[in-house]
Protein chains: 2
Amino acid sequence: MLPEHFVPVAADKIYRLFNIGATGLIAAEFEGDVDVMPASWVCALDLIPCKVTAVIDKTHYTRALVEKSGYFAIGLPGAGIVKETLYLGSVSKNDEPDKMAKSGVALLEVPNSTIPMVEGCVAWAVFKVVSEPHNEKSYDLFIGEAVAAWADSRVFEDGHWHFETASDALRTLHYVAGGHFYKIGEPIVVE
Amino acid sequence: MLPEHFVPVAADKIYRLFNIGATGLIAAEFEGDVDVMPASWVCALDLIPCKVTAVIDKTHYTRALVEKSGYFAIGLPGAGIVKETLYLGSVSKNDEPDKMAKSGVALLEVPNSTIPMVEGCVAWAVFKVVSEPHNEKSYDLFIGEAVAAWADSRVFEDGHWHFETASDALRTLHYVAGGHFYKIGEPIVVE
């Protein structure tokens, strides 16, 4: 079940989850096998229906799950799970079959999707792969079209983020390198 | 001439300018004609040499300049030029030939590039288009390979951002919609 406070995001507002350029968690599932990897290189590509690009390297365990299932999800981890986010990127399920259990993240059921959600994310969106074999092979670049999305209403409502009214644990993460992240900061509104 | 404090970014660290997902300014030039457009949808694609993706709609004046010249630049505007950034996205050079003058931004010469830099950016990178006609036509998606990059050493040094030691005007912008941005916030370092 989705976390308390999670509400659906209207199809014409899903791209706004991604406009701020937060670090994502890419999740995929095939025949019950689940993996999650962090990815800074996720980006909106189109408005309605929302499409995104996601770079998923050939060496990542998640990649085969995406290729076999034709779906992936992207969550935006809040600062409250920064350690878990780093762990998910430091350990490969190729080497550690128990990676998901050892990561300490809780996986939650998502309506109409077999990909579970990572608790502690402030938004979650499910994508169907738009097959582009040349991009996938040459650039590890996947395109997904949004099927559904939800966000934590404590920080996202009516198509706008409002981090300043909630706990710092719900601020998005913006990765630099080597365990060094920034949290999203304060708003600026230009009239 | 590049602004004081600007220093070259090593080729193997350019992708880190883009990891944090800041809103960019895409600039292009052809035969002396210059345009600049803001774009949330810019993203790193590869490490070394750094490649990026950039979504540049067919309706944008900048697009033809990119197509004719084969080059574009991406700057990361600091919060100090948030109004100018919004203006550059609100007005098209198709409708307003004087857009650049009216935007109020200062354009500075960049070594070995005919694309001028927008003063008030905290990083500037020049890219050569990697021709991918299908992506450009179907998705307005351009791939660029970095030729050179510079960053403001007051906020980026040795491959890491350090916004917390400088003025708020040098914090990157993260666009939501309709004049609503966030500044990048505080660091988190996971050991």
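Everything in this summary refers to the structure shown in the same document. Because the structure is predicted, anything quoted here is derived from the model rather than measured.

Here is what the cut-offs are and how they apply
- Positions within a chain are numbered from 1, following the residues in the order the chain's sequence is written.
- All chains are assigned letters beginning with A, and all ligands numbers beginning with 1, in the order in which they are written.
- Residue-level local features of this predicted model are given only where pLDDT is at least 70; pairs of side-chain atoms are given and counted only at 80 or more, and the full residue set underlies all totals for whole chains, interfaces and linings.
- The basis for every side-chain value is the complete set of heavy atoms in the structure, and neither hydrogens nor water enter the calculation.
- Secondary structure is summarised from DSSP: a helix means a run of H or I of at least four residues, a strand means a run of E of at least two, and numbering begins at the N terminus for each.
- The atom set for the radius of gyration is the C-alpha atoms, and the globule formula is 2.2 Å times the number of residues raised to the power 0.38.
- Areas reported here follow the Shrake-Rupley algorithm with a probe of radius 1.4 Å; residue values treat only the protein chains shown as occluding.
- In this tally Asp and Glu are treated as negative and Lys and Arg as positive; neither His nor the chain ends contributes.
- Charge positions are represented by NZ for Lys, CZ for Arg, CG for Asp and CD for Glu.
- Least-squares superposition of the copies uses the C-alpha atoms of those residues scoring a pLDDT of at least 70 in each of them.
- Any pair of residues with heavy atoms lying within 4.5 Å of one another is described as a contacting pair.
- Accessible area is worked out with a 1.4 Å probe on protein chains only. A residue is then buried under 20% of its type maximum, exposed over 50%, and partly exposed in between.
- Each nonpolar core is a collection of buried residues, namely Ala, Val, Leu, Ile, Met, Phe, Trp, Tyr and Cys, held together in the definition by side-chain atoms within 4.5 Å.
- We define a salt bridge as a side-chain nitrogen of Lys or Arg found within 4 Å of a carboxyl oxygen belonging to Asp or Glu.
- For Phe, Tyr and Trp, rings pair up if their centres lie within 6.5 Å, where Trp contributes its six-membered ring, and each pair is then called stacked (planes under 30 degrees apart), edge-to-face (over 60) or tilted (otherwise).
- Each of two parts loses accessible area, computed with a 1.4 Å probe, when they are put together; buried area is these two losses added.
- Within 3.5 Å is the distance limit for a polar contact, defined as a pair of N or O atoms, with the added protein rule that one can donate a hydrogen and the other accept it, and that residues adjacent in sequence qualify only through two side-chain atoms.
- Each residue receives one of three labels: charged for Asp, Glu, Lys and Arg, nonpolar for Ala, Val, Leu, Ile, Met, Phe, Trp, Tyr, Cys and Pro, and polar for the others, Gly being one of them.
- Note on pairing: DSSP must find at least two bridges between two strands before they are called paired.

Regarding the overall build of chain A
Part 1 of the argument: On a plain count of helices and strands, chain A comes out with 5 helices and 14 strands.
Part 2 of the argument: In terms of overall dimensions, chain A is globule-like: its C-alpha atoms have a radius of gyration of 15 Å, near the 16 Å expected for 191 residues.
Part 3 of the argument: Across its three principal directions, the C-alpha atoms of chain A cover 45 × 35 × 30 Å.
Part 4 of the argument: Total accessible area on chain A is roughly 7,500 Å²; 52% of this is exposed by carbon and sulfur atoms.
Part 5 of the argument: Counting 15 positive and 26 negative side-chain charges, chain A places the averaged centre of each group 4 Å from the other.

Quick look at the relation of the copies chain B and chain A
Part 1 of the argument: Relative to chain A, chain B is turned by 180° and slid 0.0 Å along the rotation axis, the superposed coordinates differing by an RMSD of 0.0 Å. On the angle and the small slide along the axis, the relation comes out as a two-fold axis.
Part 2 of the argument: Taken as a fraction of all interface residues of chain B, those also at the interface in chain A reach 100%, which identifies the copy contact as same-surface.

Quick notes on the side chain of serine 40 of chain B
Part 1 of the argument: Topologically, serine 40 of chain B is positioned in the loop between strand S3 (33-39) and strand S4 (42-46).
Part 2 of the argument: A relative accessible area of 12% means that serine 40 of chain B is categorised as buried.

Description of the nonpolar core
Part 1 of the argument: Core analysis: the biggest nonpolar cluster contains 95 residues, and Leu17 and Trp161 of chain A together with Leu17 and Trp161 of chain B have the highest contact counts within it.
Part 2 of the argument: Setting aside residues no more than four positions away along its own chain, tryptophan 161 of chain B makes contact with Val176, His180 and Tyr182 of chain A together with Arg16, Leu17, Ile20, Leu76, Val122, Ala123, Val155, Phe156 and Thr172 of chain B.

Regarding the pattern of salt bridges
Part 1 of the argument: The full count for this structure, using the stated rule, is 24 salt bridges over all chains.
Part 2 of the argument: Between aspartate 12 of chain B and lysine 13 of chain B there is a salt bridge whose closest N-O contact spans 3.4 Å.
Part 3 of the argument: Judged by its relative accessible area of 35%, aspartate 12 of chain B falls in the partly exposed class.
Part 4 of the argument: If you follow the salt bridges from partner to partner, you end up with Lys58, Arg63, Glu67 and Asp140 of chain A in one network.

Some words on the packing of aromatic side chains
Part 1 of the argument: Under the definition given, this model contains 14 aromatic pairs over all chains.
Part 2 of the argument: A ring pair is formed by tyrosine 175 of chain A and phenylalanine 181 of chain A, whose centres lie 4.8 Å apart and whose planes are at 55°; its orientation type is tilted.
Part 3 of the argument: Among the aromatic residues, those joined into a ring-pair cluster are Phe156, Trp161 and Phe163 of chain A together with Tyr182 of chain B.

Let's talk about the interface of chain B and chain A
Part 1 of the argument: Across the boundary between the two partners, chain B contributes 50 residues, which contact 50 residues of chain A.
Part 2 of the argument: Three residues, Trp41, Tyr182 and Ile188 of chain B, lead the burial of chain B against chain A; their summed loss comes to 19% of the area buried on that side.
Part 3 of the argument: Inspection of the region where chain B meets chain A yields 0 salt bridges.
Part 4 of the argument: Where chain B packs against chain A, one counts 28 residue pairs in polar contact (both at pLDDT 80 or more).
Part 5 of the argument: Broken down by element, the residue count for the side of chain B that touches chain A peaks at 10 residues, all from strand S14 (residues 180-189) of chain B.
Part 6 of the argument: Residue composition of the side of chain B that touches chain A, by class: 29 nonpolar, 13 polar and 8 charged.
Part 7 of the argument: Strand direction decides the pairing type here: strand S14 (residues 180-189) of chain A and S14 of chain B, joined by 7 bridges, are antiparallel. Bridge assignment links isoleucine 184 of chain A to a residue of S14 of chain B, and that residue is isoleucine 184 of chain B.

Digging into the environment of aspartate 152 of chain B
Residues and elements named next belong to chain B.
Part 1 of the argument: Summarising the element assignment, aspartate 152 is placed in strand S10 (residues 141-152).
Part 2 of the argument: The spatial distance from the C-alpha of aspartate 152 to the C-alpha of threonine 165 is 12 Å, given a sequence separation of 13 residues.
Part 3 of the argument: In this structure, aspartate 152 is in contact with His5, Phe6, Val122 and Leu170, ignoring residues within four places of it in sequence.
Part 4 of the argument: Reaching out from aspartate 152, the side chain makes a polar contact with the side chain of arginine 154 at a distance of 2.7 Å.

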